[in-house]
Amino acid sequence: MSADGARVLLVGATGLVGGHVLDRLLADSRIVHVIAPVRRPLPRRDARLQAPVVDFDALPDDAALWSVDAVICTLGTTMRVAGSREAFRRVDHDYPLATAALARRYGAQAFALTSAMGADAQSRFFYNRVKGELEIALQAQGWPSLTLVRPGLIGGDPSEARPAERAAAVMLGALGPVLPKRWRISPASRIAAALVEHALAAAPGCRIVDAAALA
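Because the structure is a prediction, the values reported are computed rather than measured.

Caption draft 1: Here's a closer look at the pattern of salt bridges. Throughout the structure, instances matching the rule amount to 9 salt bridges. In this structure, D57 and R90 form a salt bridge, with 3.8 Å as the shortest nitrogen-oxygen distance. One end of the pair, D57, is in the loop between β3 (49–50) and α2 (63–66); the other, R90, is in helix α4 (residues 85–105), with 33 residues separating them in the sequence. With a relative accessible area of 53%, D57 lands in the exposed category. R90 sits in the partly exposed class, given a relative accessible area of 29%. Where E133 meets R89, a salt bridge forms, and the shortest distance between an N and an O atom there is 2.5 Å. Of this pair, E133 sits in helix α5 (residues 126–140) while R89 sits in helix α4, and the two are 44 residues apart along the sequence.

Caption draft 2: Quick peek at the packing of aromatic side chains. Following the criterion strictly, the structure yields 4 aromatic pairs and no others. Here F111 and W143 contribute two aromatic rings whose centre-to-centre distance is 5.2 Å and whose plane-to-plane angle is 50°, an arrangement assigned as tilted. Of this pair, F111 sits in strand β5 (residues 110–114) while W143 sits in the loop between α5 and β6 (145–150), and the two are 32 residues apart along the sequence. In this structure F111 comes out as buried when scored by relative accessible area, which is 1%. Looking at W143, the relative accessible area reads 8%, which means it is buried. Chaining the aromatic ring pairs together yields one cluster made of F88, F126 and Y127. Between R104 and the ring centre of W143, over which it is positioned, the NZ or CZ distance is 5.6 Å.

What counts, and where the lines are drawn
Residues numbered from 1 in each chain as written. Predicted model: local features only at pLDDT ≥ 70, side-chain atom pairs only at ≥ 80, totals over all residues. Heavy atoms only, no water. Salt bridge = Lys/Arg side-chain N within 4 Å of Asp/Glu carboxyl O. Helix = DSSP H or I, 4+ residues; strand = E, 2+ residues; numbered from the N terminus. Buried < 20%, exposed > 50% of the residue type's maximum accessible area, 1.4 Å probe, protein only. Phe/Tyr/Trp six-rings, centres within 6.5 Å; stacked < 30°, edge-to-face > 60°. Lys NZ or Arg CZ within 6 Å of the ring centre and 35° of its normal.

See the structure below:
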């Protein structure tokens, strides 16, 4: 981070967690510039915000876009929305990895990722396996500071959740007081706070923030 403040790249700004991250970044006096490449126009306006519409299948190799201090990635989809395993992997693995590689090439020092509680490259579950493979690939890029945030079921505005998620949220909300912390709902705001603070702190090495720390 320079004496003037931090430049942060946010990937996934139009999602639930990404929206909370963007709010935090723009409210933080330590931030001088937020770059948020998006697939569709971002209506948010702020003097410190640059939100170029990009094609994630053909990202521009532009130093002005990728020269940042830290990267926060909240990009992700679901199998239902993606429509196929191939499409899901492209959004949840290939796009984050490609943006990370470009930012690292241009000098970014810290990367903070929204992963998943069950992330495991050896998992028999496709979702968890893709998340685990991304974590390993990011570690191989040699980030000086890498934070892997592994939430459980993400909680937010009920109107933003899918029907199955709303049902699960109701059940977990009712059982919350008796459940172990790692099985409780992970509020989107808490996930965002962890991503922002770890990205800006840029502590050396790789760390995992598990669901218990987000409850």
